[in-house]
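The lines below spell out each chain.
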Amino acid sequence: MQHDLFSSLDSFQALSVAASALLVRDVAGQYRPAEADEVLLAAQRLLAAQVRGNDLMDSPAAVKDFLRARLGHLPHEVFAVVHLDAQNRVLDYVEMFRGTVSQTSVYPREVVRDALLRNSCALVLVHNHPSGAARPSRADEYLTQTLKQAAALVDVRVLDHFIVAGDAVNSMAEQGLV
C-alpha cells in the first residue's frame, strides 16, 4: 500500500510545521530546521524519481501525487508535458508555459517541437487551475483536441490531459474528453 504524501498535509502551514521537524545541512555543514519550500522541493524530487522511467499506466497514483506536488500550490497557471516512450514509460516532465492566475498561452508548434526533440512517442498534457476548480473549461477541451491533432501529424499520441487544482487532479481521458 502506497502512503499518500498529502494525507497529513492539509495546507502550506501544515507543511511548515512538518518542515520544522526535519533537518538539513547548510553550506557550512551545520544542521538546521528545514524550510517549508525545501521540504516541498525534496518531495517533488522524490516523486519525480518514482515516476521517471516507470510505466505511466502502472502508477497513476504516483503520477497524480507528483502533479499535485508540482502544480497544486502554484498561484499562477503552468502548462506542462509528460513525455513518454513507446512503452509509456516516463522520459521527462517539462513545464513549457507559465501564465497568469487565470490563463496560459500554449503554442502547439512548441509542444510538437519539444516532443520531437525528446523522441517522445506519447504525451500527457498537464496544467493547473489556481482557482481551485478542476473541471476542464471549453478552452481546455479545444486546446486538448488541437494538441492531439498537431501531435498526430508526427505520429505522437496524446494519452491524457490532467488538470490540477489544489489537491484535486482531474483526468480528461477518464471523462472521455481526449
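Residues numbered from 1 in each chain as written. Predicted model: local features only at pLDDT ≥ 70, side-chain atom pairs only at ≥ 80, totals over all residues. Heavy atoms only, no water.

1. Focus: unusual backbone geometry
Test applied: The numbering of helices and of strands both runs from the N terminus, where a helix is a DSSP run of H or I of at least 4 residues and a strand a run of E of at least 2. Type-normalised accessible area, obtained with a 1.4 Å probe on protein chains alone, sets the label of each residue: buried when under 20%, exposed when over 50%, and partly exposed for intermediate values.
If you check the backbone angles, Asn-88 has positive phi at about 60° while not being a glycine. Following the sequence through the fold, Asn-88 ends up in the loop between strand E3 (78–84) and strand E4 (90–98). Accessibility expressed as a relative area gives 16% for Asn-88, which makes it buried. Here the phi dihedral of Asn-119 falls at roughly 55°; this positive angle occurs in a residue that is not glycine. With respect to the secondary-structure elements, Asn-119 resides in the loop between helix H4 (108–117) and strand E5 (122–128).

2. Side note on the confidence of the model for the chain
What counts here: The predictor reports its confidence for every residue as pLDDT, a score running from 0 up to 100. Any pair of residues with heavy atoms lying within 4.5 Å of one another is described as a contacting pair.
On average, the chain scores 82 in pLDDT, and the residues at 70 or more come to 76%. Every residue in residues 1–13 scores below 50 in pLDDT, and together they form 18 contacts with partners more than four places removed in sequence or on other chains.

3. Some thoughts on the pairing of E5
In regular strands, side chains alternate between the two faces of the sheet. Here is the rule we go by: We treat two strands as partners when DSSP finds at least two bridges between them.
Most of E5 is tucked away: seven of the seven residues are buried. Side chains Ala-122, Val-124, Val-126 and Asn-128 project from E5 onto one buried face, and the interleaved Leu-123, Leu-125 and His-127 project onto a second face that is buried too. In the sheet, E5 pairs with strand E6 (residues 157–165) via seven bridges, with the strands oriented parallel. Looking across to E6, one finds that Asn-128 is bridged to Val-164.

4. Looking at the packing of aromatic side chains
Convention followed: The aromatic pairing rule takes the rings of Phe, Tyr and Trp, using the six-membered ring of Trp, and pairs them if the centres are within 6.5 Å, calling planes under 30 degrees apart stacked, those over 60 edge-to-face and the rest tilted.
Applying the stated criterion across every chain, the model contains three aromatic pairs. Between Phe-66 and Tyr-93, the aromatic rings sit 4.9 Å apart at their centres with planes inclined by 85°, giving edge-to-face as the arrangement. Of this pair, Phe-66 sits in helix H3 (residues 60–71) while Tyr-93 is found in strand E4, placing the two residues 27 residues apart along the sequence. Here the two residues Phe-66 and Tyr-93 agree in accessibility, since each one is buried. By way of ring pairs, the aromatic residues Phe-79, Phe-97 and Tyr-107 are connected into one cluster.

5. Observations concerning the pattern of salt bridges
What counts, and what does not: For this document, the term salt bridge refers to a Lys or Arg side-chain nitrogen within 4 Å of an Asp or Glu carboxyl oxygen.
Counted by the stated rule, this structure contains eight salt bridges. Of the charged contacts, one joins Arg-68 and Asp-65 as a salt bridge, the two residues approaching to 2.6 Å between their closest N and O atoms. Here Arg-68 and its partner Asp-65 are both found in helix H3, three residues apart, which amounts to about one turn of the helix. With a relative accessible area of 7%, Asp-65 lands in the buried category. Between Arg-118 and Asp-114 there is a salt bridge; the shortest N-O distance is 2.9 Å. Salt bridges sharing partners connect three or more residues here, namely Asp-92, Asp-114 and Arg-118.

6. A short note on the sheet that holds E4
Convention followed: Helix axes are fitted only over the stretch in contact, all axes being lines through C-alpha atoms; the angle between N-to-C directions runs from 0 to 180 degrees.
Ordered by their spatial adjacency, five strands build an open sheet running E4-E3-E5-E6-E7, and the pairing between neighbours is mixed. At either end of the open sheet lies a strand with only one pairing partner, and these are E4 and strand E7 (168–171). Within the sheet, the average angular offset between the axes of one strand and its neighbour, ignoring direction, is 20°. The strands touched by H4 within the sheet are E3, E4 and E5, with E4 carrying the most contacts at an inclination of about 155°.

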